[in-house]
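Single-letter residue listing:
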Amino acid sequence: MTMSLFYPTVYKNRVTDITLQDLEQLGVRGLLLDVDNTLTTHGSQELSEDVRRWLETMKQAGIALTVVSNSWEWRVAPFATKLGLRHISLSCKPSPFGFLRGIHRLKLPKRECAAVGDQVFTDILGANLCGITCIQLQPIALETGKPFLALRRKWERKIYAKRKERET
Ligand SMILES: [Mg+2]
């Protein structure tokens, strides 16, 4: 497995930092959105005002949106409903199948779709395996009391260190 599978197309801090101009430059007209630590904090149903406004801007500009999350239906469905978006739960990222279902739903060619997410081993790896544009975000807040996620974040830090080495 080559290191490049762990690299996104672009980095952003928050989802709200993604602009219409960015998407135009990337040739992207549809977004496959992660939920936890991308649109809201881990496990939260709270939709912040700035994210709500960002979603509205995207929708009004005709950007196709859908939620693709590895989390459970009971966690994802109420939040996606709040966003007014369709969703795919238990998407099994990094397997490309959830993204492929999402792309099909957006009714856009694959090259015009981008995955947006915060985790290297699910969102970024999955997008690259699927062959789509990938926007990596900083997690909104690190998860607490989740030993498995803590371990994955530790591996992510190793990947970041390697990426830094290569980029400098
Ligand atoms: Mg996430």
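Only a predicted model underlies this, so the values are computations on that prediction, with no experimental measurement involved. (Residues numbered from 1 in each chain as written. Predicted model: local features only at pLDDT ≥ 70, side-chain atom pairs only at ≥ 80, totals over all residues. Heavy atoms only, no water.)

Before going further, it helps to examine the sheet that holds strand β3 (residues 64-68). Overall, parallel pairing links the six strands, which are arranged β1-β6-β5-β2-β3-β4 in an open sheet. At either end of the open sheet lies a strand with only one pairing partner, and these are β1 (10-12) and β4 (87-88). Relative to strand β6 (residues 133-137), strand β5 (residues 113-117) runs parallel, the two sharing four bridges. Residue pairing across strands places Gly 117 opposite Gln 136, the latter belonging to β6. Those strands touched by helix α5 (residues 120-130) are β5 and β6, and its axis lies near 160° from that of β6. (Pairing = 2+ DSSP bridges. Helix = DSSP H or I, 4+ residues; strand = E, 2+ residues; numbered from the N terminus. Contact = heavy atoms within 4.5 Å. Axes fitted to C-alpha atoms, helices over the stretch in contact; angles between N-to-C directions.)

Here we take up the environment of Met 58. Structurally, the position occupied by Met 58 is in helix α2 (residues 49-60). The class for Met 58 is buried, based on a relative accessible area of 1%. Apart from residues no more than four positions distant in its own chain, Met 58 is found in contact with Ile 18, Thr 19, Leu 20, Leu 23, Ile 63 and Leu 65. (Buried < 20%, exposed > 50% of the residue type's maximum accessible area, 1.4 Å probe, protein only.)

Residue Lys 93 is joined to Pro 94 through a cis peptide bond whose omega torsion reads 15°. Tracing the backbone shows Pro 94 in the loop between β4 and α4 (97-106). Unlike most non-glycine residues, Asn 37 shows phi in positive territory, near 65°. Although it is not a glycine, Leu 90 adopts a positive phi angle of roughly 45°. The class for Leu 90 is partly exposed, based on a relative accessible area of 46%.

Turning our eyes to something else, we now look at the pattern of salt bridges. Counted by the stated rule, this structure contains ten salt bridges. We note a salt bridge from Asp 123 to Lys 93, for which the minimum N-O separation is 2.8 Å. Separated by 30 residues along the polypeptide, Asp 123 in helix α5 and Lys 93 in the loop between β4 and α4 bring together distant segments of the chain. Assessed through its relative accessible area of 5%, Lys 93 is described here as buried. Note that Asp 118 is salt-bridged to Arg 153, the shortest N-O span being 2.6 Å. With Asp 118 in the loop between β5 and α5 and Arg 153 in helix α6 (residues 147-167), the pair connects residues that are 35 residues apart, well separated along the chain. Across the pair, Arg 153 and Asp 118 agree in class, each one buried. Via salt bridges that share partners, Asp 118, Glu 143, Arg 153 and Glu 156 belong to a single interconnected network. (Salt bridge = Lys/Arg side-chain N within 4 Å of Asp/Glu carboxyl O.)

With that settled, consider the environment of Thr 40. Tracing the sequence through the fold places Thr 40 in the loop between β2 (30-33) and α2. Sequence-wise, Thr 40 and Lys 107 are 67 residues apart; in three dimensions their C-alpha atoms are separated by 26 Å. Among all residues touching Thr 40, those that are not within four sequence positions of it are Val 35, Glu 46, Arg 75, Phe 79 and Ile 140.

Let's shift gears to the coordination of the magnesium ion. Surrounding the magnesium ion are the protein donor atoms Asp 34 (OD), Asp 36 (O) and Asp 118 (OD), which sit 2.1 to 2.2 Å from the metal. Within one chain, the residues serving as donors to the magnesium ion are arranged as D-x1-D-x81-D. Here Asp 118 lies in the loop between β5 and α5 and Asp 36 lies in the loop between β2 and α2, a separation of 82 residues in the sequence. (Donors = N, O, S within 2.8 Å, 3.2 Å for Na, K, Ca; no water.)

Time to look at the pairing of β5. Along β5, five of the five residues are buried, which leaves the element largely enclosed by surrounding structure. Neither face of β5 is open: one carries Cys 113, Ala 115 and Gly 117, the other Ala 114 and Val 116, and all of them are buried. Where β2 and β5 come together, four bridges link them in parallel fashion. Considered in β5, the bridge of Leu 33 is made with Val 116. In this region the chain leaves β5, passes through α5 and returns to the parallel neighbour β6; the handedness of that crossover is right-handed. (Right-handed = clockwise from strand over helix to strand, strands pointing away.)

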